[in-house]
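Below are the chains, spelled out letter by letter.
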Amino acid sequence: MSDINERLLAAVEKMPAFPQSVSKVLKLAGDINCSQKDLVEVIKRDPVFTLKILRLVNSAYFGLSREISSINHASVYLGLNTLKNVALGLAAVGVIPKSVSNRLDMGAFWLHSLATATCTRMLGLKLGVSRDDAAEYFAAGLLHDIGKVVFALYMPDEFEQATAKALEPGASLSQCEREVFGATHADIGAMLAGKWNLPADLHDAVAFHHSPIEMASQLLDCLFAANQISKRLAFGSAGNYEIEPFPDRIRERFGMGMDELIADLSSLDEEVENARIFIKLGEA
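Rules used throughout
Within each chain, residues carry numbers counting from 1 in the order of the written sequence. Selection of residues for local features in this predicted model requires a pLDDT of at least 70, selection of side-chain atom pairs for listing and counting requires 80 or more, and totals for whole chains, interfaces and linings are taken over all residues. Each side-chain value is worked out from all heavy atoms of the structure, with water and hydrogens disregarded. Numbering of helices and strands runs from the N terminus, with a helix taken as a DSSP run of H or I at least four residues long and a strand as a DSSP run of E at least two residues long. Two things to know: the radius of gyration comes from C-alpha atoms, and the globule rule equals 2.2 Å times the number of residues to the power 0.38. Here, residues are in contact when the closest pair of their heavy atoms is within 4.5 Å. Only the protein chains shown count as cover for residues, and the accessible areas themselves come from Shrake-Rupley with a 1.4 Å probe. Positive charge is attributed to Lys and Arg, negative charge to Asp and Glu, and no charge count is given to His or to the chain ends. Charge positions are represented by NZ for Lys, CZ for Arg, CG for Asp and CD for Glu. In this description, a disulfide is simply a cysteine sulfur pair whose atoms lie within 2.5 Å. Here the term buried applies to any residue with accessible area under 20% of the maximum for its type, exposed to any over 50%, and partly exposed to those in between, with areas from a 1.4 Å probe on protein chains only. Note on definitions: angles span 0 to 180 degrees between N-to-C directions of axes, and those axes are lines fitted to C-alpha atoms, for helices only across the stretch in contact. Angles are sorted into four bins: roughly parallel if under 35 degrees, roughly antiparallel if over 145, roughly perpendicular if 65 to 115, and oblique for all others. Take the far helix as your reference; a near helix turned counterclockwise from it by less than a right angle gives a left-handed crossing, and one turned clockwise gives a right-handed crossing. Any residue outside Ala, Val, Leu, Ile, Met, Phe, Trp, Tyr, Cys, Pro, Asp, Glu, Lys and Arg is labelled polar, Gly included; the first ten of those are nonpolar and the last four are charged. UniProt positions are given in the numbering used here, feature names are shortened, and annotations may be inferred rather than shown by experiment. For a helix, the expected span equals 1.5 Å multiplied by the number of residues minus one. Directions drawn from the helix axis to the C-beta atoms are what define this arc. Here, the term nonpolar core denotes a set of buried Ala, Val, Leu, Ile, Met, Phe, Trp, Tyr and Cys residues that are joined through side-chain atoms within 4.5 Å. A side-chain nitrogen of Lys or Arg and a carboxyl oxygen of Asp or Glu constitute a salt bridge if their distance falls within 4 Å. Under this definition, polar contacts are N or O atom pairs within 3.5 Å; protein pairs additionally need one hydrogen-donor-capable and one acceptor-capable atom, and for neighbouring residues in sequence, both atoms have to be side-chain atoms.

With an unreviewed UniProt entry as reference, the protein chain is termed Phosphohydrolase, source organism Pseudodesulfovibrio portus.

Visitor: Just to check I follow, could you spell out the overall build of the protein chain for this structure?
Guide: For the protein chain, the helix and strand inventory stands at 18 helices and zero strands. Its C-alpha atoms give the protein chain a radius of gyration of 18 Å, near enough to 19 Å, the size a compact globule of 284 residues would have. With the C-alpha coordinates of the protein chain rotated into their principal frame, the extents come out at 50 × 45 × 30 Å. Sequence separation of at least 24 residues holds for 71% of the intrachain contacts in the protein chain that already meet a minimum separation of 6. For the protein chain, the exposed surface amounts to about 12600 Å²; the carbon and sulfur share of it is 50%. Side chains of the protein chain give 27 positive and 36 negative charges; the mean places of these two sets differ by 7 Å.

Visitor: Sorry, what's going on with the state of the cysteines here?
Guide: Structurally, a disulfide amounts to a covalent bond that connects the sulfur atoms of two cysteines. Applying the stated criterion across every chain, the model contains zero disulfides. In this structure Cys119 is a free cysteine whose sulfur lies 8.7 Å from that of Cys222, the closest cysteine sulfur available. On the basis of relative accessibility, which here comes to 0%, the residue Cys119 falls in the buried class.

Visitor: Can you help me understand the packing of helix α7 (residues 106-126) against helix α17 (residues 268-275) in this one?
Guide: Two elements in contact, α7 and α17, have axes whose closest approach is 9 Å; the angle formed by their N-to-C orientations is 120 degrees. What the angle tells us is that α7 and α17 run oblique. Pair α7 / α17 crosses with right-handed handedness. Between α7, through Leu111, Leu114, Ala115, Thr118, Cys119, Arg121 and Met122, and α17, the contact on the second element is made entirely by Leu268, Glu271, Val272 and Ala275. Class assignment of the residues belonging to the contact of α7 with α17 gives a composition of eight nonpolar, one polar and two charged.

Visitor: Sorry, what's going on with the UniProt feature "domain: HDOD" (unreviewed entry) in the protein chain here?
Guide: UniProt annotation of "domain: HDOD" (unreviewed entry) refers to residues 15-212 when read in the numbering used here. Helix and strand shares over residues 15-212 are 69% and 0% respectively, and the end C-alpha atoms of the span are 27 Å apart.

Visitor: In this structure, what is going on with helix α1 (residues 3-14)? I would like to understand it.
Guide: Along an α-helix, residues three or four positions apart point the same way, because every turn accommodates 3.6 residues. Between its first and last C-alpha, α1 extends 17 Å over twelve residues, near the 16 Å set by a 1.5 Å rise per residue. Among the residues of α1, Leu8, Ala11 and Val12 are the ones counted as buried. Taken around the axis of α1, the buried residues stretch over an arc of 100 degrees, which confines them to a single face. Projecting away from the buried face of α1 at angles above 90 degrees are the exposed residues Asp3, Glu13 and Lys14. Packing partners of the buried residues in α1 comprise α9 (146-154) and α12 (185-195).

Visitor: Help me out: how do you make sense of the nonpolar core in this one?
Guide: Nonpolar side chains in soluble globular proteins tend to end up buried together. Grouped together as the largest cluster of nonpolar side chains are 95 residues, with contacts concentrated most on Phe18, Ile53 and Phe278. No other element matches α7, which puts ten residues into this core. Residue contacts for Phe278: discarding those within four places in its chain leaves Leu56, Tyr61, Val86, Gly89, Leu90, Val93, Leu114, Phe138 and Leu142.

Visitor: Explain the pattern of salt bridges here, please?
Guide: Two side chains with opposite charge may pair up if their charged atoms get near one another. Evaluated as defined, the whole model comprises 14 salt bridges. In this structure, Lys84 engages Glu136 in a salt bridge whose closest nitrogen and oxygen atoms are separated by 3.3 Å. Separated by 52 residues along the polypeptide, Lys84 in helix α6 (residues 80-95) and Glu136 in helix α8 (residues 131-143) bring together distant segments of the chain. Accessibility expressed as a relative area gives 9% for Lys84, which makes it buried. Taking the relative accessible area as the measure of exposure, Glu136 reaches 11% and is therefore buried.

Visitor: Would you mind showing me how to read the environment of Thr116 here?
Guide: Following the sequence through the fold, Thr116 ends up in helix α7. Each C-alpha atom, one on Thr116 and one on Ala140, is 8.8 Å from the other, the two residues being 24 residues apart in sequence. Only 2.8 Å separates the side chain of Thr116 from the backbone oxygen of His112, close enough to count as a polar contact.

This is the structure:
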């Protein structure tokens, strides 16, 4: 194994693991025979987590017309996939060590991630994805830049060097990271997705969010477009200001370019605002 890979692996290994209840939820949800009842039972064993999920479900983010008072109710209303991805999103926010804020502006980081998550979900719905499956699009957007957190925490000097380089006009953050680390935040993010046993679709979304041409999928196309839109609209900070043009395939998928797509997402601001509850509850 190369020295670079060993250093990256060592950094990933230092990242905290998910709480046991969330690891079990991910494992169960990946089982084709998993029932709603099994999933609910695992979540109910963690009362603090149960409370967070219920607060999220009853927030403006979901905008339900009646109050949901139990996880059983939540699973019926939301669907298994949404419940799994809500648990995953809250857990991912919750396990990130607070010390990262010494090296990374987490307010700006999470705002960019939330805007990308919200936009990815909206684009998925626009393409006809079901509301339950769109929860995975949201999770992909929320976690796409998670590799930056690993760099900031465990390779801080190089991270500072790469981000400083990336602020130069025309610089690509991924290119600067490759020069400094020998790898990008997408590479180390994919390694973390492996450690956390994230579902294959989410692993690939983290790994290829800057190179959608390498792996064709509707989820990746939505994530790539959403990431560029969030940068164009200056939601938080993605570490650099370079907006990558849409590849032809993505323009064809939506039947429009970036400016037309942005005009079509008129409720994005409001939905990002409602999604802030994820960070508030996750960090609590």
